[in-house]
Amino acid sequence: MPTKFRLITIPVSHYSEKVRWALDYLQIPFQELPHMPPFHRGATKKYGGTSVPVLATDTGAIHDSTDILRYLDTLHPGKLYPNNPELQALSTELETLFNLTLGVNTRRWGYSHILTPQLLYPRWTLGVPVWEKLLFPMLFPKIRSILTDSFDLNPTSAAESYREIERVFDRVNQILADGRQYLLGDRFSAIDITFAALAAPILQPLEQSIPPSPLALSPPQMQADIRNCQATPAGEFGLRLYRENRH
Ligand SMILES: N[C@@H](CCC(=O)N[C@@H](CS)C(=O)NCC(=O)O)C(=O)O
């Protein structure tokens, strides 16, 4: 009997989006169970973890988006990760750079700008159980203070993170400069998914599952950063991946 896959997420989580995209790309049916923080903790604890995404199968659970992609690759060998050993070094370099620098900094940059109930509510509550949504107004002050502490949000943090994002985009620009279609050459791979999903908060592609809020509602510096990133070769590439390869 085929395994029933359940994906535990926070709606806006870009690491969750990375897994959602890989499952869609491989045409693997799954049920998404979105939760608003801190209620994701109850859902993930059941599987022995704390953060999302978690992929629950009939036989166990996998934590960490990259481990999940590696597992999915065993179900469809070679579709996410190329077998070509010559691509191994670049693949590992980029996957690590995107997971540890891009994803961490697009999240910190994003939260530095959207810590208002109006901007956070739609991103955290899309599809979550109704009772979690109802608790959002009461929990918001506590949520803001936890996010501020855990991501060290302060007046300069958005600018610091933006510089790190630029550094990653520069590396991607450099790789794309030879005219290749995808990051590892002529074939779409997990590395492209990882880049586009983790860059999505600052690229705001129309095709992402969280509808982008109108740019005009975002703070001016956030709008400027989004426009700058969208206009780079890396930004245009990420937006093209969403247009052509997301659905
Ligand atoms: N390395 C992890 C990072 C996952 C991660 O940072 N998840 C965030 C959401 S984007 C999260 O669950 N935060 C809440 C928590 O840790 O309780 C992965 O690739 O899955």
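### Some details on the site of the ligand
Move 1: Around the ligand, the neighbouring residues are Ser13, Tyr15, His40, Arg41, Thr50, Ser51, Val52, Pro53, Asp64, Ser65 and Arg107.
Move 2: Contacts to the ligand include histidine 40, whose side-chain N or O atom sits 2.7 Å from an oxygen atom.
Move 3: Taking valine 52, its main chain carries an N or O atom lying 2.8 Å from an oxygen atom of the ligand.
Move 4: Relative to its free-state accessible area of 510 Å², the ligand is covered by the protein chains to the extent of 76%.
Move 5: In terms of residue class, the shell around the ligand is built from three nonpolar, five polar and three charged.

### As for the pairing of strand E2 (residues 30-34)
Move 1: Bridge count for strand E1 (residues 5-9) against E2 is five bridges, and the pairing is parallel. Paired with isoleucine 8 across the two strands is leucine 33, which belongs to E2.
Move 2: For the handedness criterion, the β-α-β arrangement of E1, helix H1 (residues 14-25) and E2 is classed as right-handed.

### So, the pattern of salt bridges
Move 1: Counted according to the given criterion, the structure contains 12 salt bridges.
Move 2: The salt bridge involving arginine 108 is made with aspartate 152; its shortest N-O contact spans 3.9 Å. Pair noted here: arginine 108 is in helix H4 (residues 88-114) and aspartate 152 is in the loop between helix H6 (130-150) and helix H7 (157-176), with a separation of 44 residues, a long-range link.
Move 3: Note that arginine 167 is salt-bridged to glutamate 164, the shortest N-O span being 3.0 Å. Taken together, the residues arginine 167 and glutamate 164, both in helix H7 and three residues apart, mark about one turn of the helix.
Move 4: Among the residues examined, glutamate 164 registers a relative accessible area of 28% and is labelled partly exposed.
Move 5: Three or more residues joined by partner-sharing salt bridges are found here, namely Glu17, Arg20, Asp24, Glu32 and Arg246.

### Describing the domain arrangement of the protein chain
Accessible area lost when the parts come together is the quantity often used to give the size of an interface.
Move 1: Domain parsing of the protein chain yields domain 1 (5-75) and domain 2 (85-245).
Move 2: Between the C-alpha centres of domain 1 and domain 2 there is a distance of 18 Å.
Move 3: At the interface, 21 residues of domain 1 touch 33 residues of domain 2.
Move 4: Counting the surface lost from both domain 1 and domain 2, the interface buries some 2,300 Å², and carbon and sulfur atoms represent 68% of this.

### So, the nonpolar core
Move 1: Core analysis: the largest hydrophobic core is formed by 73 residues, its most contacted members being Phe98, Leu120, Phe169, Leu183 and Phe195.
Move 2: The greatest single-element share of this core, amounting to 11 residues, is contributed by helix H8 (residues 190-203).
Move 3: Domain assignment of the residues forming this core places at least three in each of domain 1 (5-75) and domain 2 (85-245).
Move 4: Discounting residues that sit within four places of it in the chain, phenylalanine 169 has contacts with Leu102, Phe195, Ala199, Ile202, Leu203, Cys229, Thr232, Ala234 and Gly235.

### Observations concerning the sheet that holds strand E4 (residues 61-63)
Move 1: Strand order across the open sheet formed by four strands is E2-E1-E3-E4, with mixed pairing between neighbours. Here the strands that pair on one side only, and so sit at the sheet edges, are E2 and E4. Strand-to-strand twist across the sheet, computed as the mean angle between neighbouring axes with direction ignored, equals 20 degrees.
Move 2: Set on the sheet, helix H3 (residues 65-75) makes contact with E1, strand E3 (54-56) and E4; between it and E4 the angle comes to about 130 degrees.

### Describing the packing of aromatic side chains
Move 1: The full count for this structure, using the stated rule, is 13 aromatic pairs.
Move 2: On the numbers, 5.6 Å between centres and 55 degrees between planes, the contact of phenylalanine 169 with phenylalanine 195 is tilted. Remark: phenylalanine 195 occurs in helix H8 and phenylalanine 169 occurs in helix H7; sequence separation between them is 26 residues.
Move 3: Here phenylalanine 169 falls in the buried class, since its relative accessible area comes to 2%.
Move 4: Exposure remark for phenylalanine 195: the relative accessible area of 0% places this residue in the buried category.
Move 5: For the ring pair phenylalanine 195 and phenylalanine 237, a centre distance of 6.0 Å and an interplane angle of 25 degrees mean the geometry is stacked. Pair noted here: phenylalanine 195 is in helix H8 and phenylalanine 237 is in helix H10 (residues 233-245), with a separation of 42 residues, a long-range link.

About the thresholds
Residues numbered from 1 in each chain as written. Predicted model: local features only at pLDDT ≥ 70, side-chain atom pairs only at ≥ 80, totals over all residues. Heavy atoms only, no water. Near = heavy atom within 4 Å. Polar contact = N/O pair within 3.5 Å; in protein donor to acceptor, adjacent residues only side chain to side chain. Areas by Shrake-Rupley, 256 points an atom, 1.4 Å probe, with all protein chains shown as cover. Nonpolar A, V, L, I, M, F, W, Y, C, P; charged D, E, K, R; others polar. Pairing = 2+ DSSP bridges. Helix = DSSP H or I, 4+ residues; strand = E, 2+ residues; numbered from the N terminus. Right-handed = clockwise from strand over helix to strand, strands pointing away. Salt bridge = Lys/Arg side-chain N within 4 Å of Asp/Glu carboxyl O. Buried < 20%, exposed > 50% of the residue type's maximum accessible area, 1.4 Å probe, protein only. Domains from an automatic or database assignment. Contact = heavy atoms within 4.5 Å. Buried area = accessible area lost by both parts, 1.4 Å probe. Core = buried A, V, L, I, M, F, W, Y, C linked by side-chain atoms within 4.5 Å. Axes fitted to C-alpha atoms, helices over the stretch in contact; angles between N-to-C directions. Phe/Tyr/Trp six-rings, centres within 6.5 Å; stacked < 30°, edge-to-face > 60°.

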